[in-house]
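The primary structure of each chain is shown beneath.
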Amino acid sequence: MTTKYIFLTGGVVSSVGKGVTAAAIGRLLKERGFQVSVQKLDPYLNVDPGTMSPYQHGEVFVLDDGAETDLDLGHYERFIDISLSRVCNVTTGQVYAEVISKERRGDYLGGTIQVIPHITNEIKRRIGLVSKATGAEIVLVEIGGTVGDIESLPFLEALRQMRSDVGRENSLYIHVTWLPYIGATGELKTKPTQHSVRELRSIGISPDMIVARSDFMVDEELMDKIALFCDVEKRAVVPMVTTKVLYEVPMMLEKARVGEYLLERMGLTARQEPDWSLWEKLVAEIRREKPTVKVALVGKYVELHDAYMSVREAVKHAALALGVEVEIVWVHSSELEKGRGWESVHSSDGIIVPGGFGSRGIEGKILTARYARENKVPYFGLCLGMQLMVIEFSRYALGNEEANSTEFDRSTPYPVIDLMPDQRDIADMGGTMRLGLYPCQLQPNTLAAKAYQQDLVKERHRHRFEFNNAYRKVLEDAGMRYSGLSPDGRLVEIAEMEEHPFMLGTQFHPEFLSRPNRPHPLFLAFLEAVLKRTGLLPQPANIESVEAKIE
Ligand code: GLN
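These notes cover the structure that comes with them. Remember, it's a predicted structure, so these values are computed and weren't measured experimentally.

All right, on to the overall build of the protein chain then. For the protein chain, the helix and strand inventory stands at 20 helices and 23 strands. Computed over C-alpha atoms, the radius of gyration of the protein chain comes to 25 Å, within 12% of the 24 Å expected from 2.2 N^0.38 for 551 residues, which places it in the range of a compact globule. In the protein chain, buried positions account for 59% of the 551 residues. Pairs at least 24 apart in sequence give 74% of the contacts found in the protein chain among residues at least 6 apart. Here the protein chain carries 64 positive and 76 negative side-chain charges, and the mean point of each set is 2 Å from the other.

Right, let's get into the pattern of salt bridges. What the rule picks out here adds up to 48 salt bridges. Ionic pairing is found between Glu-233 and Arg-235, a salt bridge with its closest N-O pair at 2.9 Å. Glu-233 sits in the partly exposed class, given a relative accessible area of 37%. In this structure Arg-235 comes out as partly exposed when scored by relative accessible area, which is 42%. Between Arg-434 and Glu-493 there is a salt bridge, and its shortest N-O distance comes to 2.8 Å. With Arg-434 in strand β18 (residues 434-442) and Glu-493 in strand β22 (residues 492-497), the pair connects residues that are 59 residues apart, well separated along the chain. With relative accessibility at 9%, the residue Arg-434 sits in the buried group. Taken together, the shared-partner salt bridges in this structure form one network comprising Asp-64, Glu-77, Asp-81, Arg-460, Arg-515 and Arg-518.

This next bit is on the packing of aromatic side chains. Here a ring pair, both rings aromatic, is described through the centre-centre distance and the interplanar angle of the planes. Counted by the stated rule, this structure contains 19 aromatic pairs. When the centroid spacing of 4.9 Å and the interplanar angle of 70° are considered together, the rings of Phe-380 and Phe-523 count as edge-to-face. Placement of the pair is Phe-380 in strand β15 (residues 379-382) and Phe-523 in helix α19 (residues 521-534), with a sequence separation of 143 residues. Relative accessible area serves as the criterion here: at 0%, Phe-380 is assigned to the buried category. Taken together, Tyr-55, Tyr-301, Tyr-308 and Trp-330 form an aromatic cluster joined through their ring pairs.

Lining the immediate environment of the ligand, one finds Gly-355, Gly-356, Phe-357, Cys-383, Leu-384, Gln-387, Glu-407, Arg-462, His-463, Arg-464, Phe-465 and His-509. The backbone of Leu-384 places a nitrogen or oxygen atom 3.0 Å from an oxygen atom of the ligand. If the ligand stood free it would expose 300 Å²; the protein chains cover 99% of that surface. Judged by the fraction of its atoms near the pocket grid, the ligand is located in the largest cavity. The residue makeup of the shell around the ligand, split by class, is four nonpolar, five polar and three charged.

Looking at the second largest pocket, its volume works out to about 830 Å³. In terms of lining residues, the second largest pocket is bounded by 36 residues, among which Gly-356, Phe-357, Glu-407, Met-433 and Arg-464 are the most central. Across the lining of the second largest pocket, the residue classes break down as 16 nonpolar, 10 polar and 10 charged.

What counts and what doesn't
Residues numbered from 1 in each chain as written. Predicted model: local features only at pLDDT ≥ 70, side-chain atom pairs only at ≥ 80, totals over all residues. Heavy atoms only, no water. Helix = DSSP H or I, 4+ residues; strand = E, 2+ residues; numbered from the N terminus. Rg over C-alpha atoms; globule rule 2.2 N^0.38 Å. Buried < 20%, exposed > 50% of the residue type's maximum accessible area, 1.4 Å probe, protein only. Contact = heavy atoms within 4.5 Å. Lys, Arg positive; Asp, Glu negative; His and termini not counted. Charge placed at Lys NZ, Arg CZ, Asp CG, Glu CD. Salt bridge = Lys/Arg side-chain N within 4 Å of Asp/Glu carboxyl O. Phe/Tyr/Trp six-rings, centres within 6.5 Å; stacked < 30°, edge-to-face > 60°. Near = heavy atom within 4 Å. Polar contact = N/O pair within 3.5 Å; in protein donor to acceptor, adjacent residues only side chain to side chain. Areas by Shrake-Rupley, 256 points an atom, 1.4 Å probe, with all protein chains shown as cover. 1 Å grid on protein atoms, 1.4 Å probe; cavity = no way out; pocket = protein on both sides within 12 Å on 5 of 7 lines; lining within 4 Å. Sits in = over half its atoms within 2 Å of the grid points. Nonpolar A, V, L, I, M, F, W, Y, C, P; charged D, E, K, R; others polar. Points joined across faces, edges and corners; volume = space filled by probe spheres on them.

In structure tokens form, the structure reads like this:
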């Protein structure tokens, strides 16, 4: 079938959940038997978010093919249960880099290179790559930012042109806006939505659907008003009230008959009846009162929870499977260094030290790993968290506080974590780490092998430094196990401590592969250890039947 495109733009303000809306709409279409993919267009000039501070951008989500992408791609993968490709995240930086390098090569043969048509053509070429790379029949394209931003103009112009390129039936525009609430009069306001639709129209795009986000119930009258002023059918005005339960969004859109409307407008008929039983169970399970356990997340960007989006989701997925609630206690590792905030660590029954870069807060995390080891508190180290667990144990096993990673101390006499050999001559920072899916051979009789119940797994990576093999033997003699290795045996991918209920670190990022109804085995094993420590038994409900339905 001809590829169908659904374009999502944002209006009024950013951060209203456009990414989740796109992901949820993707799920609606997948439930109807279509192959779906989602692309994010980011109007910033960085080539990818890999070089950006998590404070600016939140988490960097890594794909199988090693692309460092916007965190919205995490939502797409988790909601739709698909694996995306590098072509699914496009930035202004990529577009310009391509056009300028072509110009330098002389490909344009004397032409004047301009935003229209050269930049817009390159944007359209990249939109076209998605169906080729992923086999998707319906491609959702989300544009970052808000209509009216100068940066997003070339993207919007490209989208406008797409309608005449691919035809009306093959292109739909959804505008996601925000209805502010005026406390003094107790009203929701549609005026900003009207203005933003007007702005969109002035660019030449008329929305086919408006998703109106709001913190409060939206009444019929208001929906009529939006339909009237924004010139969309009433059934294409979709109110979306804020929910605490993210995974409820697809069902909210289903109830608003979004799936049916979109298919009708695209001239498609559903290939199968959507089956929401799995999602209903998930949401019911999320809402059920459950016993709570506390897990401390010791990081350096903890003020911004989005910086650890996938970790938080992976914890939720595992908690759901075990029928408990996990309260994540956000701990700033620099505070721990000053002797502050330890009560949060001490009152938690498990500790996660997630990924990170640079030396700020490192010692606080190392002290956390020491506390976990000595007090037999379940510890799960993700990438940097694994490296710090190795450093902490080396300081103890080698009897020298100077053991370190060369990332933090170039001249350490004990470089137990060191730059990977193939990283030594790399000067560019962007896209040059060890990135993406690599195989990992599990070693028998280890926590990791028990958790996975498999011999060989593939996990997503994003790092420059690695376990230094010169120290394998000493640390092994002192009680460290290498439970996951690269198939050639050269790289330590998982390390764990003997005689500890669960102290395990992975060089990869397991959080990127966790799904709401397919929790990651290591997150599950970690949380089981946390429960054991609290004396709680897993209280799963419905989850077996949920799992059985996953393809
Ligand atoms: N900074 C470490 C490295 O580059 C860890 C990276 C990470 O946690 N993603 O190896």
